[in-house]
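Observations on chain architecture
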Amino acid sequence: MIRGKASATIRQPAATVFSFIVDDFLTNYPRWSPEVQSLRPLSEGGLRVGFVAEQTRVDQGRRSTSTFRVTACDRDCRLHIAGISQPFQLSFELEADGSSTKINFAFELLKVDFFMRPFEKLIRVAVEDGARGVVTNLARLLEAQVQLPAPPQPLLAPVQTPPPPRQTMDFLASKDDGLIPFVLSQILDTCVNGVTLSDPDQPDSPIVYANSAFERISGYPRSEIIGRNCRFLQGSDRDQPELDEIRAALKEDQGIEVTLRNYRKSGQMFLNRLSIRPLIDRKGRLIYYLGVQYDVTTQLGASAEIDRLRIQLGDGRR
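Quick caveat, the model's predicted, so the values are computed rather than measured.

Cut-offs used in this document
- Residues numbered from 1 in each chain as written.
- Predicted model: local features only at pLDDT ≥ 70, side-chain atom pairs only at ≥ 80, totals over all residues.
- Heavy atoms only, no water.
- Salt bridge = Lys/Arg side-chain N within 4 Å of Asp/Glu carboxyl O.
- Helix = DSSP H or I, 4+ residues; strand = E, 2+ residues; numbered from the N terminus.
- Axes fitted to C-alpha atoms, helices over the stretch in contact; angles between N-to-C directions.
- Parallel < 35°, antiparallel > 145°, perpendicular 65-115°, else oblique.
- Contact = heavy atoms within 4.5 Å.
- Nonpolar A, V, L, I, M, F, W, Y, C, P; charged D, E, K, R; others polar.

Inspection of every chain in the model, using the stated rule, returns 13 salt bridges. Between Arg261 and Asp237 there is a salt bridge, and its shortest N-O distance comes to 2.7 Å. Placement of Arg261 in strand E10 (residues 256-263) and of Asp237 in the loop between helix H5 (212-218) and helix H6 (241-251) is noted, with a sequence separation of 24 residues between them. One salt-bridge network, held together by shared partners, links Asp23, Arg75 and Asp76.

Take unusual backbone geometry next. Glycine aside, the phi torsion of most residues is negative, and most peptide linkages are trans. Although it is not a glycine, Asp76 adopts a positive phi angle of roughly 60°. In this structure, Asp76 sits in the loop between strand E4 (62-74) and strand E5 (78-83). In this model, Asp204 sits at a positive phi of 70°, which is unusual for a non-glycine residue. Checked against the element boundaries, Asp204 lands in the loop between strand E8 (194-198) and strand E9 (207-210).

For the rest of this paragraph, the subject is the packing of helix H1 (residues 14-23) against helix H2 (residues 25-32). Closest axis-to-axis distance for the H1/H2 pair is 6 Å, and the angle between their directions is 90°. In terms of axis orientation, H1 runs roughly perpendicular to H2. Mapping the contact onto sequence places Phe20, Ile21, Val22 and Asp23 in H1 and Phe25, Asn28, Arg31 and Trp32 in H2. Of the residues assigned to the contact of H1 with H2, the class counts are five nonpolar, one polar and two charged.

Following this line, the structure appears as structure tokens:
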């Protein structure tokens with residue numbers, strides 16, 4: 001389960017905040033979540049326990065439709081919603097404090113599909129950011145009601161509220177959680193270079209993702225790659241000065257690029273131009289090591305042969 005939480009205090013009484021979120025949900029939900037293109041009630045009446053609705057969204061250019069159900073609704077206190085066609089839960093909890101109200105919002109992704117698991121920490125970061133985006137939008141909309149008199153029909157007119165600024169790899173909590181990881185894995189599988197993600201939070205920093213090129217270069221299938229430290233490609237050939245350089249760089253959270261002698265599953269040696277980069281989230285936390293591998297055996301072999309011929313021809317002599 002992946003959870004994101006955020007809070008904001010708004011200069012409006014709880015009754016006003018609850019009415020904005022719940023009583024006018026069908027109108028205002030697309031305002032605080034502009035990705036929602038349409039919202040259609042599947043139950044009669046207003047929001048209450050058991051109320052079902054269908055939403056159509058456009059997230060990252062992909063159109064999708066899903067349904068959800070209200071599971072708790074207490075006047076001026078809380079609203080809980082659970083996905084029907086997708087495994088998620090979200091909740092709004094209100095804490096009244098005189099003329100102000102604290103909104104506590106939480107979003108829970110109850111299941112991470114198998115193909116998304118290598119990106120779980122990235123999704124976790126985005127879910128947390130998405131939760132903050134929800135309360136930021138709500139606070140902006142509700143605070144605007146304090147500063148400006150409402151027009152005759154303020155909540156019935158469609159209002160386009162710009163979404164919060166997007167970041168690279170931004171899986172907002174309210175978005176389709178599987179789209180970008182799925183597309184990203186497809187993109188990486190088209191790369192000619194090997195690409196891996198290693199998880200430093202697990203013992204011995206195992207590989208949690210490897211693309212198709214890494215399988216091809218190493219000769220190992222993914223089932224024999226995932227869960228192992230990438231040093232397995234060194235075999236017993238551990239006396240390489242570059243390995244000390246890698247350890248020193250990673251100790252300082254620095255990237256590095258070296259050429260190593262590695263070995264395919266067949267036992268054949270190849271020269272691996274390896275680039276390692278720490279991936280840091282927006283809070284400055286190390287979440288993955290990105291490894292990019294390029295088989296330079298042919299290139300370095302050709303270069304050595306050219307040098308040998310130059311020496312024979314006298315080009316290498318002073």
